[in-house]
Amino acid sequence: MKNLHFLFLCVICVICGQNLSAADKPNVLYMMSDDHAAHAISAYGSRLAEIAPTPNIDRLAHEGMLFENAFCTNSICSPSRACVLTGQYAHTNGAYDLGGKVEPGKQMLAIEFGKAGYDTAMIGKWHLKVEPADFNYYCVLPGQGKYHDPEFRVRGDQPWPRNLIKKDGMHSSDAITDITLEWLKEGRDKTKPFFLMHHYKAPHDYFDNAPRYESYLRDVDIPEPESLWNSHDPRFGSIATRGHDDELVPHIGTSIGDRNPRRSYSKDLPGKYPAEYPENYDPADHSKEEIKRLAYNAYLKKFLRCVKGVDDNLGRLFAHLEESGEMDNTVIIYTGDQGFMLGEHDYQDKRWMYEESMRMPFLIRYPASIKAGRRTDAIIENVDYGPTMLDFAGIKIPDSVQGKSFKAICETGEEPADWKKAAYYRYWMHMAHHDNPGHVGIRTKEHKLIFYYGANYDGGYRTPPGWELYNLKKDPHETVNEYDNPEYAPVVKRLKQQLAELRAEVGDTGEDYPEVEKVIQEFWDYDAADREKAKKLSQAFLATRTGELAGNKKPGKKK
Ligand code: CA
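Thresholds applied
Residues numbered from 1 in each chain as written. Predicted model: local features only at pLDDT ≥ 70, side-chain atom pairs only at ≥ 80, totals over all residues. Heavy atoms only, no water. Helix = DSSP H or I, 4+ residues; strand = E, 2+ residues; numbered from the N terminus. Buried < 20%, exposed > 50% of the residue type's maximum accessible area, 1.4 Å probe, protein only. Contact = heavy atoms within 4.5 Å. Pairing = 2+ DSSP bridges. Donors = N, O, S within 2.8 Å, 3.2 Å for Na, K, Ca; no water. Tetrahedral: all angles 85-135°; square planar, octahedral: opposite > 155°, others 65-115°. Domains from an automatic or database assignment. Buried area = accessible area lost by both parts, 1.4 Å probe. Salt bridge = Lys/Arg side-chain N within 4 Å of Asp/Glu carboxyl O. Axes fitted to C-alpha atoms, helices over the stretch in contact; angles between N-to-C directions. Parallel < 35°, antiparallel > 145°, perpendicular 65-115°, else oblique. Nonpolar A, V, L, I, M, F, W, Y, C, P; charged D, E, K, R; others polar. Phe/Tyr/Trp six-rings, centres within 6.5 Å; stacked < 30°, edge-to-face > 60°. Lys NZ or Arg CZ within 6 Å of the ring centre and 35° of its normal.

Enquirer: I would appreciate a short explanation of the environment of Ala423 in the present structure.
Expert: Assignment of secondary structure puts Ala423 in strand S12 (residues 423-427). A relative accessible area of 0% places Ala423 in the buried class. Sequence-wise, Ala423 and Ile165 are 258 residues apart; in three dimensions their C-alpha atoms are separated by 40 Å. Sequence-distant contacts of Ala423, defined by excluding residues within four places in its chain, comprise Phe71, Met358, Ile379, Glu381, Gly441, Ile442, Arg443 and Leu502.

Here is the structure:
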């Protein structure tokens, strides 16, 4: 009898434990768009929710779980992708900026899922330069890829990246969905569960929708964020973003209106999207305010048409999973590689640590263990996505991974007592492309502390260092910098300490780039002498920028 008991227990252990055969494991479908900010998904309930609903993405929230506080740790494309793939922060995986790559042999998620008996695929926008060789199958856009008639790199007779297939006459979102459907239906090994990374190029700029969406939102006035108009309000930002006496307001952050003389949508969009402008548009016939409003509407409409294309394509993908009976045994995730400024603070693009840029959408559906309609304000970071997916598949998380699995939060709706209380942020690409100074910071549920140290990897091309503190409970749109408000002195002190500890914990110690670390340390306490130095740096940068605008070459950015 005892022996029978023992045998029975062994059988139970095999069924419940890690010895589950690969065929019994859930599929994992990780879907990611490019620059799709959470506030452009209706389930997040922003000003855009009513005019531009995303019913298919929302379905994941209604039937699964929505994370309100999902953050990227470096708000730019390649680094965010590298964080997800490796479960490591940028300073660990080495993908600091758009030159970032993750070499074959280090593509952690593909390797771990593969070892556990999964069939693995990477389809769509990859943006990590080298071959996605650790995936069983890949079909990826070269670099940013094209919106129309896209080409894809595949495995073949020639060495990477020479084997190409073309999808003439197609929009990239439609093509990527078709390729994924083809792989799901016929390409994969159906004796194995799948791990699929399905990545859209849309709605990355410059936005270009499929022709069938041209009339979508045509006659709608897109609701504006209040901060679209508040660039003149000195309570927002700091000397780092405004200059000592607002002299840098035109030069920090590319703009919707004509604030930034180097790059603005007011200047760029009439040529790019003439159909969004009145016939024979001439800016001389319009007020500054009208010009800005036209640019904002052109911008948002093109962006939201791309979003609509993504959402419709997800509908096609879900319909297939329903049909094949795989909807419920697949862990389905939707996210964007970071957020995006949709006119807030008159800023374009991402890169900023401000909410709209740092926040990622994150929705997850897996009815076997995640209750429908759950929402949480637990803080998660993109380095946590990988280990969470591995955890759902019952795969051991490798020691190289810095992120933590939040599977338990998905399954219980509760944060474990020792769960992270803050997100770490670092943007390295100082003053590249969109005029954002380098910065580092910490975001808790209540506050955000940002330190713009304002220097390149080599410590050069300086902009004035400055600190910003936002009270997110009182001021969720980050309109008042409280750093110098004496009432907040204890908060500043505590958060600086926490930020220093977090830097040490995640290992961002400045070893690789000691020159910029010197700048960070020099301005950390930000005493009266530092503030004087910052003023001088502001004036010096204004002179540099004025020279650049007059045609002087920007100094080289050694890395
Ligand atoms: Ca992106």
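Enquirer: Before we go on, may I ask you to explain the pairing of strand S7 (residues 194-199) in this structure?
Expert: Regular strands show a simple pattern: their side chains alternate between the two faces of the sheet. Most of S7 is tucked away: six of the six residues are buried. Neither face of S7 is exposed, since Phe194, Leu196 and His198 on one face and Phe195, Met197 and His199 on the opposite face are all buried. Where strand S1 (residues 27-33) and S7 come together, five bridges link them in parallel fashion. When the sheet's bridge partners are listed, Tyr30 is paired in S7 with Met197. Pairing geometry for strand S3 (residues 119-125) and S7, over six bridges, is parallel. Residue pairing for S7: Ala121 is matched across the bridge by Leu196.

Enquirer: When you look at the coordination of the calcium ion in this model, what are you seeing that I'm missing?
Expert: By definition of the ideal shapes, four donors in a tetrahedron about a metal sit 109.5 degrees apart, and six donors in an octahedron sit 90 or 180 degrees apart. Surrounding the calcium ion are the protein donor atoms Asp34 (OD), Asp35 (OD), Cys77 (SG), Asp337 (OD), Asp337 (OD) and Gln338 (OE1), at 2.2 to 2.6 Å. Note that the calcium ion binds six donor atoms; their angles at the metal cover 53 to 165 degrees, and the shape is irregular. Of note, the calcium ion draws all its donor residues from one chain, in the sequence arrangement D-D-x41-C-x259-D-Q. The class for Asp35 is buried, based on a relative accessible area of 0%.

Enquirer: Honestly, the domain arrangement of the protein chain in this entry has me stumped. Any pointers?
Expert: Many analyses report the size of an interface as the accessible area lost when the parts associate. Splitting the protein chain by domain gives domain 1 (26-211 + 299-421) and domain 2 (424-550). Computed from C-alpha coordinates alone, the two centres of domain 1 and domain 2 are separated by 29 Å. Across the contact, 33 residues belong to domain 1 and 33 residues belong to domain 2. A buried area of about 2,700 Å², summed over both sides, lies between domain 1 and domain 2, and 53% of it is on carbon and sulfur atoms. Three residues stand out in domain 1 for area buried against domain 2, namely Tyr96, Arg351 and Met353, and they jointly supply 29% of the buried area on that side. Counting every contact that joins domain 1 to domain 2 gives four salt bridges. The partner of Lys445 in a salt bridge is Glu415, and the shortest N-O contact between them spans 2.5 Å.

Enquirer: Got a minute to help me understand the packing of helix H6 (residues 172-187) against helix H9 (residues 288-323) in this structure?
Expert: The description of two packed helices rests on the angle between their axes and on the distance between the axes. Between H6 and H9, whose axes approach to 9 Å, the crossing angle comes to 10 degrees. Here H9 runs roughly parallel to H6, going by the angle between their axes. Residues Ser173, Asp174, Thr177, Asp178, Thr180, Leu181, Leu184 and Lys185 of H6 lie in contact with H9, whose contacting residues are Val310, Asn313, Arg316, Leu317, His320 and Leu321. Its residues placed into classes, the contact of H6 with H9 shows five nonpolar, five polar and four charged.

Enquirer: I tried to follow the packing of aromatic side chains on my own but got confused; where do I start?
Expert: For any two aromatic rings, the description comes down to two numbers: the centre-to-centre distance and the angle of the planes. Scanning the entire structure with this criterion turns up 41 aromatic pairs. Taking 6.4 Å as the distance between ring centres and 35 degrees as the angle between the ring planes, the aromatic pair formed by Phe236 and Tyr470 counts as tilted. One end of the pair, Phe236, is in the loop between S7 and helix H7 (239-242); the other, Tyr470, is in strand S15 (residues 466-471), with 234 residues separating them in the sequence. Across the pair, Tyr470 and Phe236 agree in class, each one buried. In this structure an aromatic cluster arises from ring pairing among Tyr206, Phe207, Tyr265, Tyr299, Phe303 and Phe340. Taking the ring centre of Trp160 as reference, the NZ or CZ of Arg153 above it sits at 5.2 Å. The ring of Phe523 is capped by Lys533, whose NZ or CZ atom sits 5.2 Å from the centre of that ring.

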